[in-house]
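Chains, contacts and geometry: an overview
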Amino acid sequence: MKVSLFITCLSDAIYPRVGEAMVRLLARYGVALQFPTVQTCCGQPAFNSGYWKEARDSARTILDAFEDSDFVIAPSGSCIGMLHHYPKLFENDPVMLARSEALRAKSYEFTQFLVNVLEVTDVGAEFPHKVTYHPSCHGTRLLGVKEEPLALMKKVKGLELIPLPFAEDCCGFGGTFAVKMADISGAMVTEKVDHVLETEAEVLVGLDMACMMNIAGNLRYREKPVRVMHLAELLYEGVKEA
Amino acid sequence: MAEHKNAGIGSGQAADKGRTSEGTVRDGSLPMDGNQSTTGSGSSESHGEWLARLEQQSRAKQEQFMNHISGRLGHPRMYEKPQHPYRGAPDFWNAFEWSEEERITHFTDNFLSVGGHVARVDSMEAVKAFIVEKADEMSAKYVLRQDQPELDTLGLEQALPAGTVVSVWNSGPEQHWKARAAEADFGVVIADHAVAYTGSVTVLSAANKGRSVSLLPTVLFIIIPVERMKTRLGEVLGTFDEAGREALPAGIHFITGPSRSSDIENDLTIGVHGPGIVYALIVG
Amino acid sequence: MSGAAKGAKRQTVKERSELALNDEFLRKAVKFTTERLRNGKKKASEEHGNWELWRERGRQIRLHTIAHLDYYLNLFVNNARANGVHVHFADTAQDAVQLTMDIAKHANARSVVKSKSMVSEELHLNQALESIGVEAIETDLGEYIIQLAGEMPSHIVIPAIHKNRYQIAELLSKEAGETLPPDTTALAGFVRKKLREKFLEADIGMTGCNFAIAETGSMVLFENEGNARMVSTVPKTQITLMGMERIIPSWSDLEVMATLLPRSATGQKLTMYMSGITGPRREEDADGPEEMHIIIVDNGRSLQLGDPEFQELLNCIRCGACLNACPVYRHIGGHAYGSTYSGPIGAVLTPSLNKNIAEWDDIANASSLCGACYEACPVKIPLHDMLVYLRRRKVEAGHGNALESMGMQGFATVMGNSSRFGGVLRLGKLGQKLVVRGGVIRTKLGPLKGWNTYRVTPSLPKQSFRDRWDTLDKELGLTKKDISETAQSKMEAAVKKRAQAAAEAKAEGKGGKGHHG
């Protein structure tokens, strides 16, 4: 059984702690994550902007990396969501199409794997802080990841989960959207952060570093000390302390 | 009901009704260019001829239009009814039904929630008393009702004070009935159907049942014989499918409360174009 | 204050958005309205229950009808004719306008009273009528207000939300010839009286069409004010503008639409009025139009037929739920989209109806692809996917942004090979030393300008994950380890389930879009 880590370009480059937390956490359940190094990026930035040829160039590294994996796990709902577009992306190439469908069937967002496959909800963590949760759009709407993170957080000792007002509203990242439509994106992230601040939480947690980077960026800009973490990081830190 | 057959040129007898503005030069002495678009009075074509010409053009265009559609869809023209597996509401919904009391309660709740008024009465006598009382309260001077036997026997004409004018829709050729409706304080109609789940009534148009009676007056009274109260919208809509095209009236109107709008700063206002005060009187 | 659509048409969505984002009242109004409607929908759909089942039902009925559109539309036309309706076909907006003017001329019309019709907005019909001396009066309260203001609607369902009561009082006072108070009841009362006169004296009543029922040749109108009933009851002639895709087979199917549409649009169980009109008045009736016309409009709709990526667009029942769900719409309002249809449906519909890709502006870029529109749509149109398809078509047609194209080629080169990717990361770590201060990058120069106007950019850490991997592996012995027994058995169970699901899907035939939503 080969279980592979799909690190995602963002975590690879900017948030390696997230990947490390995942590896360590899953090791505790006897799952030794492998890391096929030929992976680069799922291709979403190019795909979303309509540059599908370029997206395919990037996507091929992912298909190659995970060819012989049985499980592919990523700390991101949007990157796994992108893998669901691979059949469309390669619809005119029967070989790649078959490989794409195989990959889609075996890909999981992190909490999906932990809760639905390993059937773990209590990792034995302790995290006595006020926390609020932003449910990223692609993970919730396209993958249907709704209950899994909540189930995990419920079991963390001392964690006080404060509901985020208008949680389901997009944070405004949208990849190149944040650059191309900077002012609209800026308005959206400002509103999201307003809601985060309303909760008076110490920590903002999420399942997607793109959203977290976006929201953290505005928090720092506004000099607000709210800590921003990926759920894997929070759980691992909670486990280390316990 | 006048039948409008699928005739060729010159169909639609309603088209010629009352059209005298262009004169009736039908001797065909003036040359008619097929593509000529005539402009109102003093033209070479009568109204009927113009409509006929349009119809000819339209029928030719129809084939073209439909062929274009089937061409784009990538199949030959379909003339046979296709298999329609998902027709109407989901099956579980069609099994849903309330008891009579539940229907009345839910209808009432729904109607009240949108600003309508509901009264449960046991007889047409009580209906009459209700309307007379309201007429007094609101100093109503003009009442318009449908021309139905149940409303004849209701006896409003006798019960209302002498100064109040009660008109009966389309009961004679001399009156301008739409004007009567526009000036009416009260409109009185009987619901042909009612739906508890949405809090709606249905009124069907006919010679003796004007659409205007439930639309133009300021206050509307809808008498609902309790046995006509159904649970689901589909129970009423289904009857139209069953009746078939030729049996349908020109106007089928579902009314679910008083006229309203929130177009100004999201601020709700009642009584925009249709009646602002609506009474649903459930009888029986 | 709200001159977003007035005056010169701005070049791009971006520029128009800037106007909107700086209009405080507009933003508050749009936010308030969309929240109200969104909450209404949530409450109504939850109360009704089994919403996903109803959505799927609605989707299937619309898909079926569109897939057999030649049959159903033809059936509708023949039945409508049999009812005494004069049916006409308009390939283009121009055709529809010509037909309308022709009918108006033959009716010697001096005035036309109109109820809500998005199609008539699409056609810019009012200007055409005015040009031949026919007064065209919008009678829906919101449409009447924007007509007086000379503006386009900013929301499909509530067209004048960008106007405040003072502006509305000013507009209506001019019409009244006296000063009206900025009070909703007073203003609505004036409009009721004023339009009453117009209804009664108008020669022609024009309506749109929410649904056309193929099996009986009937057309259905949903409204709350009563003006659609007015214009189809009082004037002698009726003209109905109908998009060619607005068909459902039967009255039973109407129950599904009547369940989905009002709840999705405003959170109502049913609109105050739902009218089914089957032909002109009968000879013995004393009201209703004597002459009834239906103009069936194509104007780019047939372009979507046979296009697997866009045919579903024709499912749309114009409820506006996508507008209320869209976070972008909520911030910029309807006028920023620059055309008749706004919000997510507008972002897709406007370019799709227009064959000329070169004329599409950046409207499809005004989206973060969050998918809220798809989630909200009562007939499950995958608008978020369609936006990507539009972007792709623009690029493939050679109309992509030059700078962006170069950037994407760079992206492909780097990401096409993991060593190159690793190399770029190393370069980045070096290069960023110029701009990193206190662990973050704040510079507003170059490509980071847009981002850093509202945020700081994180710096690249010393070690990327792939740099760290060998150490991690050594410490935990990952590549050497075996999976534990418990984990193994759980994963094997999961693999079995996957195989089962795949077999079932194959047996049913490939269905759906494979979304988990």
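Residues numbered from 1 in each chain as written. Chains lettered and ligands numbered in written order. Predicted model: local features only at pLDDT ≥ 70, side-chain atom pairs only at ≥ 80, totals over all residues.

1. A look at the nonpolar core
Grouped together as the largest cluster of nonpolar side chains are 307 residues, with contacts concentrated most on A:Ile215, B:Ile222, B:Ile224 and C:Val112. Ranked by residues supplied to this core, first place goes to helix H13 (residues 209-221) of chain A with 9 residues. With residues up to four places along the chain from it excluded, the contact list for B:Ile224 reads B:Ala191, B:Ala194, B:Val201, B:Met229, B:Ala280, B:Leu281, B:Ile282 and B:Val283. (Core = buried A, V, L, I, M, F, W, Y, C linked by C-beta atoms within 7 Å. Buried ≥ 20, exposed ≤ 12 C-beta atoms within 10 Å, placed from the backbone. Helix = DSSP H or I, 4+ residues; strand = E, 2+ residues; numbered from the N terminus. Contact = placed C-beta atoms within 7 Å.)

2. What about the interface of chain C and chain A?
Chain C puts 70 residues into the contact, and the matching count from chain A is 74 residues. The residue inventory of the side of chain C that touches chain A, partitioned by class, reads 34 nonpolar, 23 polar and 13 charged. (Nonpolar A, V, L, I, M, F, W, Y, C, P; charged D, E, K, R; others polar.)

3. Brief notes about the domain arrangement of chain B
Looking at the assigned domains, one finds that chain B contains domain 1 (43-82) and domain 2 (99-283). For domain 1 of chain B versus domain 2 of chain B, the separation of C-alpha centres amounts to 40 Å. (Domains from an automatic or database assignment.)

4. Digging into the sheet that holds strand S7 (residues 227-230) of chain A
Residue and element names in this part refer to chain A. With parallel pairing, the 4 strands of this open sheet are ordered in space as S5-S4-S6-S7. Both edges of this open sheet fall to strand S5 (160-162) and S7, since each of them pairs with a single strand only. On average, each strand axis in the sheet is inclined to that of its neighbour by 35 degrees, with strand direction left out of account. Looking at chain direction, strand S4 (residues 130-134) and strand S6 (residues 203-206) are connected through 4 bridges and run parallel. Following the sheet pairing, His-134 is matched in S6 by Gly-206. (Pairing = 2+ DSSP bridges. Axes fitted to C-alpha atoms, helices over the stretch in contact; angles between N-to-C directions.)

5. What to know about the sheet that holds strand S9 (residues 273-277) of chain C
With respect to topology, 8 strands assemble into an open sheet ordered S8(B)-S5(B)-S6(B)-S9(B)-S9(C)-S6(C)-S5(C)-S8(C), the strand pairing being mixed. A strand with exactly one partner marks an edge of an open sheet, and here the two such strands are strand S8 (229-230) of chain B together with strand S8 (247-248) of chain C. Of the strands in this sheet, strand S5 (193-195), strand S6 (200-204), S8 and strand S9 (251-255) of chain B are in contact with helix H8 (residues 233-243) of chain B, which crosses S5(B) at around 145 degrees.

6. Focus: the interface of chain C and chain B
Contacts between chain C and chain B engage 91 residues on the former and 86 residues on the latter. With 9 residues, helix H4 (residues 69-82) of chain C is the single largest residue contributor to the side of chain C that touches chain B. Judged from the 5 bridges that link them, S9(B) and S9(C) form a sheet pairing that is antiparallel. Opposite B:Ile252, over in S9(C), you have C:Gly276 as the bridge partner.

7. Quick notes on unusual backbone geometry
Phi at B:Asn170 is positive, roughly 55 degrees, even though this residue is not glycine. Within the fold, B:Asn170 resides in the loop between strand S3 (165-168) and helix H7 (177-183). Even without a glycine there, the phi angle at C:Asn299 is positive, about 50 degrees. Looking at where C:Asn299 falls in the secondary structure, it is placed in the loop between strand S10 (291-297) and helix H13 (321-325).

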